[in-house]
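Structure at a glance
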Amino acid sequence: MRIPIFNLLQLSLSSLTRIFDFAPGADSFHRKLSPRFGILTPYHDRESVLGVHPELPSDCTVNQVMLLHSYGSRGPTGEQYYIQKLVETLADATLPPHLPKNLRFLKNGYQSDLVPKELTIIGGKQLFDHGVQFALKYPTLTTDVILSTDEDRVFDSAYNFSLGYGKPVEILTFNDIHLPVNWVLPWEECPNFDPNSGMKIVYEWVNKYVPPITERLNNLLPGVGLSNDDVMGALYACPYDLAAHGVSPWCGVFLPEELKGLEYQLDLLMDGMSGHISMHDIGPVVGTVYINELIGRFTNITGEAEELYLEFGHPLSILVAMAAMNLNKDRIPLSSSQIHSPRKFRTSDQTPFGAWMIWERLSCRQSFDGPQIRLLLNSATYPLSICQKSFKDRKYGTCSLDEFVKANAFSTNIHFEDETWYTVCGEDE
């Protein structure tokens, strides 16, 4: 049996106490200052859409559910380079005698104990809490299997969810079931998919928005000589310290508009990888694999559909599915010229750490004719505007399963390894 991995350096009674005491404070901190860090945002429930009822009519029953869950708060990946460079620069620096209040923490030095890539204690608690909530929300639906991708942070997220869920389940990885294409990681079977395809637009944005921050901080820290890379390290340290410890001295160093710039940078990155500014619209195409799996299960094409599916992947897993349905497509594509606000593609609310997408198939005695479908994204109804035909659809954010299938002709007309797939994705050599 595979054993979940946790870094023992993160485990101590004091750190657990600090983390669990922090949880409510963290929420109020973010609501008060409203910082958002794109895909590095601490988990928070989405706000309900104005005019959409959060509860279904009393005569409706949810009879089938498909959960797609991303991993919880984790340590840095490639951003670790920038954070470590910042640490080294500060270690060699001579600080000025007088520091602004929000920089006085530097008198005691700044060290980073972040563990790259691994799920943090806070991330584990996010998933445990979601497991509890899910079991309470759908007490009559059962399954004996949880499917996870193979990465440690994803598997550990599934494990923590299972602890909160409290029902006997076996956690399998997709490697255990030998699929032609994994609908949670469909891009793995798309040779032309390039996770760096959006970097050009990201670099354009970074080169515009970071230098003024560097100049401002160097004016406050004369003689330290922070580089643009150091400032990027400080910007990344804010959300990653929160992910690991619940607090970060760096979050108070930046102006609100500077933090908005970091959020926009990460949105550009993910939109360029998974959305409608991805090269050749490759994100929506790979997202069709998940949508076809969803439709196949909810329409019971094989006659073997189950009532509950629990599956764990990445933020990208959710974003490509949304892109295939045009649910996060902006009328004016995101660009490096300026921050687009408001915008549909906003990962702070769509795929923060611990994001979860719940698809419900429901039937009603009177309120609706025929099976309906509803999407809950991060605990709030995400209106299915692509297929709503009636006042009640708009009132509850739902649509009929038949209309949902019709509205997703883009996906149902594309199949793994068909001509369209090969045109966009290419073939394995």
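Residues numbered from 1 in each chain as written. Predicted model: local features only at pLDDT ≥ 70, side-chain atom pairs only at ≥ 80, totals over all residues. Heavy atoms only, no water.

**Remarks on the nonpolar core**
In terms of nonpolar packing, the biggest core is built from 119 residues, with Phe134, Trp250, Phe254, Trp359 and Phe404 touching the most fellow members. For this core, the leading source of residues is helix H6 (residues 228-245), giving 11 residues. Aside from chain neighbours lying at most four places away, what touches Phe134 is Val65, Leu67, Phe161, Tyr165, Leu308, Leu310, Trp356 and Ile358. Leu56, Cys60, Leu362 and Phe368 belong to the second largest nonpolar core, which has six residues in total. (Core = buried A, V, L, I, M, F, W, Y, C linked by side-chain atoms within 4.5 Å. Buried < 20%, exposed > 50% of the residue type's maximum accessible area, 1.4 Å probe, protein only. Helix = DSSP H or I, 4+ residues; strand = E, 2+ residues; numbered from the N terminus. Contact = heavy atoms within 4.5 Å.)

**What to know about a negative patch on the surface**
On the surface, Asp144, Glu170, Asp176, Glu306 and Glu307 cluster together into a negatively charged patch. Residue placement: Glu306 occurs in the loop between helix H8 (282-298) and strand S4 (308-313). (Patch = residues over 30% accessible without salt bridge, like charges linked within 9 Å, V, L, I, M, F, W, Y side chains within 5 Å. Areas by Shrake-Rupley, 256 points an atom, 1.4 Å probe, with all protein chains shown as cover. Salt bridge = Lys/Arg side-chain N within 4 Å of Asp/Glu carboxyl O. Lys, Arg positive; Asp, Glu negative; His and termini not counted. Charge placed at Lys NZ, Arg CZ, Asp CG, Glu CD.)

**Some thoughts on unusual backbone geometry**
In this structure, the amide linkage connecting Ser341 to the following residue, Pro342, adopts the cis form with an omega of 0 degrees. By the secondary structure assignment, Pro342 is in the loop between helix H9 (315-324) and helix H10 (347-350). Within the chain, Asp281 stands out as a residue other than glycine whose phi angle is a positive 55 degrees. Within the secondary structure, Asp281 is located in the loop between helix H7 (256-274) and H8. A positive phi angle is found at Asn300, which is not glycine, with a value near 55 degrees.

**Observations concerning the packing of aromatic side chains**
For the structure shown, the criterion picks out 16 aromatic pairs. The rings of Phe134, Tyr138, Phe161, Tyr165 and Phe312 are connected pair by pair, giving a single aromatic cluster. The ring of Tyr309 is capped by Arg297, whose NZ or CZ atom sits 3.7 Å from the centre of that ring. (Phe/Tyr/Trp six-rings, centres within 6.5 Å; stacked < 30°, edge-to-face > 60°. Lys NZ or Arg CZ within 6 Å of the ring centre and 35° of its normal.)

**Notes on the side chain of Arg46**
Tracing the chain through its elements places Arg46 in the loop between helix H1 (13-33) and strand S1 (60-70). In this structure Arg46 is buried but unpaired, with Asp349 as the nearest side chain of opposite charge at 6.3 Å. Only 3.1 Å separates the side chain of Arg46 from the backbone oxygen of Leu377, close enough to count as a polar contact. In terms of polar contacts, Arg46 uses its side chain to reach the backbone carbonyl oxygen of Ala380, at 3.1 Å. Residues in contact with Arg46, not counting those within four places in the same chain, are Asp349, Leu377, Asn378, Ala380, Thr381 and Tyr382. (Polar contact = N/O pair within 3.5 Å; in protein donor to acceptor, adjacent residues only side chain to side chain.)

**With respect to helix H2 (residues 80-91)**
Think of an α-helix as 3.6 residues a turn; residues three or four steps apart then line up on the same face. The end-to-end C-alpha distance of H2 is 16 Å, a good match for the 16 Å that 12 residues give at a rise of 1.5 Å each. Three or more residues of H2 are buried, namely Gln80, Ile83, Leu86, Val87, Thr89 and Leu90. (Expected span 1.5 Å × (residues − 1).)

**Observations regarding the domain arrangement of the protein**
Per the domain assignment, the segments of the protein are domain 1 (38-73 + 128-191 + 288-425) and domain 2 (78-117 + 197-266). Taking only C-alpha atoms into account, the centre of domain 1 sits 34 Å from that of domain 2. Taken over both partners, the interface formed by domain 1 and domain 2 buries close to 1400 Å², and the fraction arising from carbon and sulfur atoms is 61%. Among the residues domain 1 hides against domain 2, the three largest losses belong to Leu40, Ser336 and Ile339. Together they make up 43% of the total. Measuring nitrogen to oxygen at the nearest pair gives 3.7 Å for the salt bridge that ties Glu263 to Arg343. Summed over the shared surface of domain 1 and domain 2, the number is seven residue pairs in polar contact (both at pLDDT 80 or more). (Domains from an automatic or database assignment. Buried area = accessible area lost by both parts, 1.4 Å probe.)

**Observations regarding the state of the cysteines**
Counted by the stated rule, this structure contains four disulfides. Between the sulfur atoms of Cys190 and its disulfide mate Cys425 the distance is 2.1 Å. Its torsion about the S-S bond being -95 degrees, the disulfide of Cys190 and Cys425 is classed as left-handed. Residue Cys190 is found in the loop between strand S3 (170-173) and helix H5 (199-220), and its partner Cys425 is found in helix H14 (residues 419-425); the two are separated by 235 residues along the sequence. A sulfur-sulfur distance of 2.0 Å marks the disulfide that ties Cys238 to Cys251. Its S-S torsion of approximately 100 degrees makes the covalent link between Cys238 and Cys251 right-handed. Of the two residues, Cys238 is situated in helix H6 and Cys251 in the loop between H6 and H7; the sequence distance between them amounts to 13 residues. In terms of burial, Cys238 and Cys251 fall into one category: buried. (Disulfide = S-S within 2.5 Å.)

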